[in-house]
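# Results of the structural survey
Letter by letter, the chains look like this.
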Amino acid sequence: MINYLNENSNEIISALWQHIQTSLLAMMITMLIAIPLAIILMDHPGIGKGVLQVAGMIQTIPSLAILGILIPFVGIGKVPAIIALVMYAIMPVFQNTYSGFQEIDPLLNEAADAFGLSRRFKLFKIQLPLAMPMIISGIRIAAVMIIGTATLAALIGGGGLGTYIILGIQTNDNNALLTGALLSAALALIASFLIDLLSKVSIKKLLLGLATLMILVGGFTSYQVWRENDKETITIAGKMGSEPEILINMYKDLINQEDPDIKVELKNNFGGTTFLFRALQKGNIDIYPEFTGTVLESLISGNSTVNHDKEAAYRDAKKDLGIEYKMTYLKPMSYQNGYGLAVTKETAQRYGLKNIADLIKHPQFRAAFDADFLKQSDGYAGLNQKYHFNFADVKVMEPSLRYEAVNNGHVDVTNSYTTDAQIKKYGLVVLKDADSFFPPYQGAPLMKTSFATKYPKIVKSLNKLANKISTKDMQEMNYEVTVKHKSAAVVAREYLIKHGLLKDN
Amino acid sequence: MIRFNDITKRYADNLALKNLNLTIESGELFVLVGPSGSGKTTLLKMINRLNDPSQGTVEIDGVDIRQMDIQKSRQNIGYVLQDSALFPNMTVAQNAAIQLEAQGWDLDKRTARVSELMKLVGLNPDICLHKMPSELSGGEAQRIGIVRALCSSPDIVLMDEPFSALDPISKRQLQDLVLKLHKELGTTFVFVTHDMQEAIKIADRMAIIHNGQLQQVGTTREILANPENEFVKKFFEDDHEQAHFLGSVLAKGFGEVYTVDAEVMQTTDTIFQWADRIKLDSEKLINVEGHILTSEDLVVYLASLKEVE
């Protein structure tokens, strides 16, 4: 754990800072909305109660759902994350501020009116100080919630400590998981403690401090935005797991070798196929590696017969992407990351399993698949149509958990990818696809045609990977990252240098 | 001068005040008295516009108060509430000077003004200025409430049952304080109470209100001597059981008017205070509004009470 922290200290500190920045911004926007709203509504209890109900309702929507709803409107990254956090945090701050005002002894309000005090004087000298303990406790609840929920920002490319939690789950890396979880918990505790301290400060100093903080954070953020805009930035994203992360790190190295002035931003573990494809369409990301099989099965509409010859499949995918979406699909790498069904060596021996078709005789098997595989026509849905397995128990599980479940005997069969490190790690048997059911899955960079036209240098750099990387190479690299916990950037760079694609400097 | 013209106050399901006409002269200590729910507080709060009449007008010095700037006119009206209603987040000094602060006085002038008034109400500013309201006794808190009301030298001071939550000793002390302050400042005081004894003790004039209607207006003496209706008589007698005032002795026709050297007592003093004097000197004569009363009168008066029962 300490080693892990030492090795990754720069990245962790920047994630921590991102987390703090996101949380602080969300907190401030929340306060700027919720507190004035409560002040305006304190004399209108009817509307006040209505707002409370709406805020309460928003809070019952799962945060992932809010993020999902927001993506079509505001895209991905920090903005939707902050909007979602604000929507969550408004409830406790508004409710506490509002109740804080409502609970002031009416006699005191009457006294303030009777002395002819101005509304402003009454608000700042009497009502706000009297409601302050309640307001502070609302802010504290909101801050702790924001810091906790902000870990989800990582799912939509918002960065922060959540990156480590997701990475930890994806790659079964407890060090990463603990780093993310413990740091965000510690951050929440510190925030709660600091806010407690704030409650003892006078309201004048509080407002002053808040204004200063707002200027600082706002200034820093806009400086960052300005600096990023100053440089040409392209964004490359990858799906969940180590393999896409290794690939996009290679993309980055190759692009920067050609043109060091281009700022390449990587979004690891960015989401599933549909999410990434939509992000690419909307221009939130510029490039991501996609598989020929996935393109033909999931992205292209209409005709679903997939040519099982890999070159023909690539040609079809390239042509259809160009026609239907005006996208450019660069040349694929050599390896195939096709689907397969995997069982333990013991299961294979005990039941004499060799081919996929052998599973027909065992409907009592418990199966675990990832969500994509389960619903795709080239996945379990299609397989079941062809072979009628009708397994008694079919679960959806994250890739990394699935292998462990098979290994522990909690499930009997799972889908695998031919390059997965875990096949090697657990010594699993991949059943033969004798009937060529699964389509070819070759990876290649996908981008909009307009992007490819604008950046011929990038296209040239990425094409260096065409026909490189064998299935064994990929399995090896995945093993290095998921099992040995080496950084994907290092593994990617080592491969490129070893194969003469990148100059060692 | 405060004048209520044909005031009616209607709430959703009841009539709090009904066609009420009343004039309070400048400089008098005027008491609005009546049982709880009679409408006396509603009437009081119309003066500083915490309440507006449904019908009718309120005038201060001949000007309809709706035509005045509400904030400015309130700054010229002191207000003492039940239970002192000091702001718990401020020190005694900040509480007392709140109107001055809102009007932009600087700190030194505020402190000087508050200290002066604190001495006037019998508090030591050096000790009390920096206390928090929670550290004060009920009596002390209400003295600060009075200081707060007097701070900006208002023309009118309103007091809404200010002593109803106090113990009997503090209550008596504060009633004496109100009398003293009124005498020294000459400001118009309007005082609301449900306690007839309190009304009799402090009022220059009083108005008895019942069920939103004015029952009788007059000096203590006038009302004692000549209750206008059954309610006033009853309300007064209920209180009378505990306290017999020299005014009611005069009202029964006791005392002769002649010139003699006798101690002057007030109509609002009780027969018990009179009995105290006689205990020391059985031949003691007292002079109440020119009527001379003897110790014999006390005995006969007491005997007459027995007859009634």
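Right, let's walk through the structure included here. Since this is a predicted model, take the numbers as computed values, not measurements. (Residues numbered from 1 in each chain as written. Chains lettered and ligands numbered in written order. Predicted model: local features only at pLDDT ≥ 70, side-chain atom pairs only at ≥ 80, totals over all residues. Heavy atoms only, no water.)

### Observations concerning the pattern of salt bridges
All names here are of chain A. Across all of its chains, the model carries 27 salt bridges over all chains by this definition. Between D412 and R366 there is a salt bridge; the shortest N-O distance is 3.2 Å. Within this pair, whereas D412 is found in the loop between α18 (399-408) and β8 (413-417), its partner R366 is found in strand β6 (residues 366-369), the two being separated by 46 residues in sequence. Given a relative accessible area of 16%, D412 falls into the buried group. R366 sits in the partly exposed class, given a relative accessible area of 31%. D370 is the salt-bridge partner of R402, the closest N and O atoms lying 3.1 Å from each other. Of this pair, R402 sits in helix α18 while D370 is found in the loop between β6 and α16 (371-375), placing the two residues 32 residues apart along the sequence. Exposure class is identical for R402 and D370. Each is buried. A single network of salt bridges, built from pairs that share partners, joins E258, K460 and K464. (Salt bridge = Lys/Arg side-chain N within 4 Å of Asp/Glu carboxyl O. Helix = DSSP H or I, 4+ residues; strand = E, 2+ residues; numbered from the N terminus. Buried < 20%, exposed > 50% of the residue type's maximum accessible area, 1.4 Å probe, protein only.)

### Examining the sheet that holds strand β11 (residues 256-257) of chain B
Within a sheet, adjacent strands bond to each other through the backbone by hydrogen bonds, running parallel or antiparallel. Residue and element names in this part refer to chain B. Strand order across the open sheet formed by four strands is β11-β14-β13-β12, with mixed pairing between neighbours. Both edges of this open sheet fall to β11 and β12 (263-265), since each of them pairs with a single strand only. Examined bridge by bridge, strand β13 (residues 286-288) and strand β14 (residues 291-293) share three bridges and lie antiparallel to one another. Residue pairing across strands places N287 opposite I292, the latter belonging to β14. Across the sheet, helix α13 (residues 271-280) is in contact with β12, β13 and β14; its angle to β12 comes to roughly 165 degrees. (Pairing = 2+ DSSP bridges. Contact = heavy atoms within 4.5 Å. Axes fitted to C-alpha atoms, helices over the stretch in contact; angles between N-to-C directions.)

### Quick word on the pairing of strand β2 (residues 263-267) of chain A
Residue and element names in this part refer to chain A. For strand β1 (residues 233-237) and β2, the ladder comprises five bridges, and the chain directions are parallel. Considered in β2, the bridge of T235 is made with E265. As a crossover connection, the stretch from β1 through helix α11 (residues 242-258) into β2 is right-handed. (Right-handed = clockwise from strand over helix to strand, strands pointing away.)

### A short note on the packing of aromatic side chains
Any two aromatic rings considered together are summarised by their centre-to-centre distance and by the angle between their planes. All names here are of chain A. Tallied over the full model, the rule gives 21 aromatic pairs over all chains. When the centroid spacing of 5.9 Å and the interplanar angle of 55 degrees are considered together, the rings of Y339 and F438 count as tilted. Of the two residues, Y339 sits in strand β5 (residues 339-343) while F438 sits in the loop between β9 (429-430) and β10 (443-448), which places them 99 residues apart along the sequence. No difference in accessibility class separates Y339 from F438, as the two residues are buried. On the numbers, 6.2 Å between centres and 45 degrees between planes, the contact of F373 with F438 is tilted. In this pair, F373 is assigned in helix α16 and F438 in the loop between β9 and β10, connecting sequence segments 65 residues apart. The exposure classification of F373 matches that of F438, with both residues buried. An aromatic cluster of at least three residues, connected via ring pairs, comprises F291, Y339, F369, F373, Y380, Y387, F389, F391, Y417, F437, F438 and Y441. Here R402 stacks its cationic end above the ring of Y403, 5.7 Å away from the centre of that ring. (Phe/Tyr/Trp six-rings, centres within 6.5 Å; stacked < 30°, edge-to-face > 60°. Lys NZ or Arg CZ within 6 Å of the ring centre and 35° of its normal.)

### Let's talk about the packing of α11 of chain A against helix α22 (residues 471-482) of chain A
Residues and elements named next belong to chain A. The contact between α11 and α22 brings their axes to 9 Å, and the two run at 105 degrees. The pairing of α11 with α22 is recorded here as roughly perpendicular in orientation. Within the contact between the two elements, α11 uses S242, E243, I246 and M250 and α22 uses M474, M477, N478, V481 and T482. Split by residue class, the contact of α11 with α22 holds five nonpolar, three polar and one charged. (Parallel < 35°, antiparallel > 145°, perpendicular 65-115°, else oblique. Nonpolar A, V, L, I, M, F, W, Y, C, P; charged D, E, K, R; others polar.)

### Some points on the nonpolar core
Generally speaking, nonpolar side chains in soluble globular proteins are found buried as a group. Membership of the largest hydrophobic core comes to 70 residues, with the highest contact counts inside it found for F4, L32, L43 and F87 of chain B. Examining the composition of this core, we find that 12 residues originate from one element, helix α7 (residues 119-149) of chain A, more than from any other. Apart from residues no more than four positions distant in its own chain, F4 of chain B is found in contact with L20, N21, L22, I24, L43, M46, I47, T57 and V58 of chain B. Core analysis: the next-biggest nonpolar cluster, separate from the first, contains 57 residues, M250, Y251, F373 and F438 of chain A among them. (Core = buried A, V, L, I, M, F, W, Y, C linked by side-chain atoms within 4.5 Å.)

### So, the sheet that holds strand β2 (residues 15-24) of chain B
Residue and element names in this part refer to chain B. The four strands are arranged β2-β1-β4-β5 in an open sheet whose pairing can be described as antiparallel. Because the sheet does not close on itself, it has two edges, and the strands there are β2 and β5 (63-64). With two bridges joining them, strand β4 (residues 55-60) and β5 adopt antiparallel strand pairing. Of the residues in β5, the one forming a bridge with E59 is D64. Sitting on the sheet, helix α1 (residues 40-47) is in contact with β1 (2-10), β2 and β4, with an inclination near 125 degrees to β1.

### Some details on the pairing of β2 of chain B
Bridge analysis of β1 of chain B against β2 of chain B gives six bridges, and the strand direction is antiparallel. Following the sheet pairing, F4 of chain B is matched in β2 of chain B by L22 of chain B.

### Observations concerning the interface of chain A and chain B
Contact with chain A, which involves 16 residues of that partner, is made by 21 residues of chain B. Note on chain A versus chain B: buried area summed over both sides is about 1,700 Å², and carbon and sulfur give 70% of it. Counting the surface chain A buries against chain B, the share from its top three residues, E110, A114 and F115 of chain A, is 36%. Across the chain A-chain B interface, the total number found is two salt bridges. We note a salt bridge from K125 of chain A to E101 of chain B, for which the minimum N-O separation is 2.9 Å. The interface formed by chain A and chain B includes seven residue pairs in polar contact (both at pLDDT 80 or more). Mapped onto the side of chain A that touches chain B, the elements with two or more residues apiece are α6 (106-114) and α7 of chain A. Broken down by element, the residue count for the side of chain A that touches chain B peaks at seven residues, all from α6 of chain A. (Buried area = accessible area lost by both parts, 1.4 Å probe. Polar contact = N/O pair within 3.5 Å; in protein donor to acceptor, adjacent residues only side chain to side chain.)

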